[in-house]
Amino acid sequence: GTIDFPVLGSLKVAGLTREEVQQMIKRELIDQNLVKDPIITVEFVNLNVMMMGAIGTKRIPIDRDQFTILDAITQAGDLDITGQRENVRVIRESGANQRIAYEVNLCSAEELYNSPAYYLQQNDIVYVEPSDKVKRTTTEYGSSMVNYTFWVGLLTSALTVIAIFK
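Keep in mind that what you see is a predicted model, and the values were worked out from it rather than measured.

Criteria and thresholds
- Residues numbered from 1 in each chain as written.
- Predicted model: local features only at pLDDT ≥ 70, side-chain atom pairs only at ≥ 80, totals over all residues.
- Heavy atoms only, no water.
- Salt bridge = Lys/Arg side-chain N within 4 Å of Asp/Glu carboxyl O.
- Buried < 20%, exposed > 50% of the residue type's maximum accessible area, 1.4 Å probe, protein only.
- Pairing = 2+ DSSP bridges.
- Helix = DSSP H or I, 4+ residues; strand = E, 2+ residues; numbered from the N terminus.
- Axes fitted to C-alpha atoms, helices over the stretch in contact; angles between N-to-C directions.
- Contact = heavy atoms within 4.5 Å.

Asks: Any chance you could explain the pattern of salt bridges here in plain terms?
Replies: In a structure, side chains of opposite charge can pair up when their charged atoms sit close to one another. Here the structure, examined in full by the defined rule, presents 5 salt bridges. Residue Arg-64 pairs with Asp-71 through a salt bridge whose shortest N-O separation is 3.2 Å. We classify Arg-64 as partly exposed; its relative accessible area is 31%. What emerges from the salt-bridge pattern is a single network uniting Asp-63, Arg-64 and Asp-71.

If you want it as structure tokens, here you go:
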């Protein structure tokens, strides 16, 4: 919401773009006769969103104004084939210890562009839910029941028990 700028003091920058902050600081420095023709550069530092679920687990830096969910998905390397594109969740902090979860449908351009979560904010969490098939075949430990090593181990154990009793 505010930044502490040397000599100028505390400046309210909430809701401003980088360009607007740049112009405001430049105007203040000139108006107070501190510098005649300053060159101001405003950059994002430590702004990230977290990607989780059927997209992997990645921290994606916000490197520009109006950073969208599509920008984040692209930087993360796209969704897994098993990811649900109709039900992507964006979890956003709203006030003190309060979070809001938005559902985003990536398959509908109209719903996507009109979503309040289309433009991501600092510390947003994007969760891509796995498909129902993946959820049904996954155990509580994260491995799949269709994993061939499970079945080979089970078959080996059964053959060992049969060999012992013969």
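Asks: What exactly am I supposed to notice about the sheet that holds strand β7 (residues 125-130) here?
Replies: Within a sheet, each strand pairs with its neighbour through backbone hydrogen bonds, oriented either parallel or antiparallel. Spatially, β4-β3-β7-β5-β6 is the arrangement adopted by the 5 strands of the open sheet, whose pairing is mixed. The open sheet has two edge strands with one neighbour each: β4 (58-61) and β6 (99-104). The sheet shows a mean angle of 25 degrees between the axes of neighbouring strands, taken without regard to direction. Alignment of strand β5 (residues 83-93) against β7, held across 5 bridges, turns out to be antiparallel. Bridging from a neighbouring strand, Arg-89 pairs with Tyr-127 of β7. Its contacts with the sheet put helix α2 (residues 69-76) on β3 (48-53), β4, β5, β6 and β7, and the angle it makes with β4 is roughly 125 degrees.

Asks: Could you clarify how one ought to interpret unusual backbone geometry in this entry?
Replies: Negative phi values dominate among residues other than glycine, just as trans dominates among peptide bonds. Even without being glycine, Asn-33 reaches a positive phi, approximately 55 degrees. Inspection of the secondary structure puts Asn-33 in the loop between α1 (18-31) and β3. Its identity as a non-glycine residue notwithstanding, Asn-123 has a phi of 70 degrees, on the positive side. Tracing the backbone shows Asn-123 in the loop between α3 (109-114) and β7. Classification of Asn-123 by relative accessible area gives partly exposed; the value is 41%.

Asks: Just to check I follow, could you spell out the pairing of strand β1 (residues 2-5) for this structure?
Replies: The side chains of a regular strand alternate, first on one face of the sheet and then on the other. With 4 bridges connecting them, β1 and strand β2 (residues 9-12) associate as antiparallel partners. Its bridge partner being in β2, Asp-4 is matched across the sheet by Ser-10. Two successive antiparallel strands, β1 and β2, enclose a turn made up of 3 residues, where Val-7 displays a positive phi of approximately 75 degrees.

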